[in-house]
Amino acid sequence: MSDVAKDKRAGAPAVRAGIALGITVASTVAAIFLFGSAAYDLVKAVHVIAVIAWMAGMLYLPRLFVYHADSKPGSEQSETFKVMEFRLMTIIMNPAMIVAWVLGLWLAWEAGFFSSGWFHAKLALVVAMSAAHGILSAAMRRFAEDRNEKSSRYWRMMNEVPTVLMFGIVILVIVKPF
Ligand code: HEM
């Protein structure tokens, strides 16, 4: 049985990710109850940490696909990529995306940004980032079943999508141009 199959059967990465997610959300909720609005900066810090973890995966996973697309199905190399991709998605990217969303929406509600133009634009780009996450997640499942049909060139181009979105999101939230 492959490492991915063993991981899936035991549910190990999902359990570890669930525990990490639970601890993060529970400690943030505790900080909000204890410090009220004063928790804003702390929550923002955790939001940025989650975003960094999410972006690390969004930039690295398509890079793994570039090499995976060129490796022979069934080879040791291909099986290693499957384990790396599955763990990156389930342990890092999925929990990090959820934490970034939950805390980001709380920050926006707390600070009253829902009526700001820059926030609407940021939200649109973050929805696009989440859609890209969904596309990568579906591709990971196809790679796991040796059903990828896209070339390494395609994945090289896909690698640029999260990069471009990230530039826009960070500029919007820091400069708040409108
Ligand atoms: C997932 C949905 C997201 C929501 C709802 C959201 C919302 C927010 C809000 C309301 C703030 C506080 C802004 C302020 O206090 O001035 C914030 C901060 C920040 N967000 Fe997000 N965000 C999300 C995802 C992201 C992503 C994907 C990135 C980067 C790629 C990002 C980067 C940042 C940064 C760098 C800050 C700190 C800005 C500062 O302190 O000036 N966020 N976010």
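Just so it is clear, the structure is predicted and the values come from calculations on it, not from any experiment.

1. Here's the deal with the packing of helix α3 (residues 40–69) against helix α5 (residues 117–144)
Phase 1 of the analysis: Running from N to C, α3 and α5 point in directions that differ by 35°, and their axes come no closer than 11 Å. The two elements α3 and α5 cross, and the hand of that crossing is left-handed. Of the residues in α5, those in contact with Met-58, Leu-61, Pro-62, Phe-65 and His-68 of α3 are Ala-132, His-133, Leu-136, Ala-139 and Phe-143.
Phase 2 of the analysis: Broken down by class, the residue content of the contact of α3 with α5 amounts to eight nonpolar, two polar and no charged.

2. Thoughts on the site of the ligand
Phase 1 of the analysis: Lining the immediate surroundings of the ligand are 20 residues, of which Trp-101, Gly-104, Leu-107, Ala-108 and Val-126 lie closest.
Phase 2 of the analysis: Of all elements in the fold, only α3, α4 (76–111), α5 and α7 (160–175) reach the threshold of two or more residues within the shell around the ligand.
Phase 3 of the analysis: With seven residues, the single largest contributor to the shell around the ligand is α4.
Phase 4 of the analysis: Partitioned by chemical class, the residues of the shell around the ligand number 17 nonpolar, two polar and one charged.

3. Observations regarding the nonpolar core
The nonpolar side chains of a soluble globular protein tend to be buried with one another.
Phase 1 of the analysis: Counting residues in each nonpolar core, the largest one holds 24 residues, and the members touching the most others are Ala-50, Trp-54, Leu-61, Phe-65, Ala-96, Ala-100 and Met-140.
Phase 2 of the analysis: Elements with a minimum of two residues in this core: α3, α4 and α5.
Phase 3 of the analysis: Here this core gets 10 residues from one element, more than from any other, and that element is α3.
Phase 4 of the analysis: Excluding residues within four positions of it along the chain, Ala-100 makes contact with His-47, Ala-50, Val-51 and Trp-54.

4. Side note on the packing of helix α2 (residues 12–35) against α4
Phase 1 of the analysis: At their nearest, the axes of α2 and α4 sit 9 Å apart, and the two run at 20° to each other. Comparing the axis directions of α2 and α4 gives the class roughly parallel. Judged by the sense of rotation from one axis to the other, the crossing of α2 with α4 is right-handed. Where α2 approaches α4, its residues Pro-13, Ala-14, Arg-16, Ala-17, Ala-20, Leu-21, Thr-24, Val-25 and Thr-28 are matched on the opposing element by Arg-87, Thr-90, Ile-91, Asn-94, Pro-95, Ile-98, Val-99, Val-102 and Leu-103.
Phase 2 of the analysis: The residue makeup of the contact of α2 with α4, split by class, is 12 nonpolar, four polar and two charged.

5. Things to note about unusual backbone geometry
Phase 1 of the analysis: One non-glycine residue, Asp-146, adopts positive backbone phi at about 55°.
Phase 2 of the analysis: Relative to the elements of secondary structure, Asp-146 occurs in the loop between α5 and α6 (152–158).
Phase 3 of the analysis: Residue classification places Asp-146 among the exposed residues on the basis of 12 C-beta atoms within 10 Å.

6. Here we look at the environment of Val-83
Phase 1 of the analysis: Turning to its location among the elements, Val-83 is positioned in helix α4.
Phase 2 of the analysis: A sequence separation of 54 residues divides Val-83 from Val-29, and the C-alpha atoms of the two residues are 33 Å apart.

About the criteria used
Residues numbered from 1 in each chain as written. Predicted model: local features only at pLDDT ≥ 70, side-chain atom pairs only at ≥ 80, totals over all residues. Axes fitted to C-alpha atoms, helices over the stretch in contact; angles between N-to-C directions. Helix = DSSP H or I, 4+ residues; strand = E, 2+ residues; numbered from the N terminus. Left-handed = near helix turned anticlockwise from the far one by under 90°. Contact = placed C-beta atoms within 7 Å. Nonpolar A, V, L, I, M, F, W, Y, C, P; charged D, E, K, R; others polar. Near = placed C-beta within 6 Å. Core = buried A, V, L, I, M, F, W, Y, C linked by C-beta atoms within 7 Å. Buried ≥ 20, exposed ≤ 12 C-beta atoms within 10 Å, placed from the backbone. Parallel < 35°, antiparallel > 145°, perpendicular 65-115°, else oblique.

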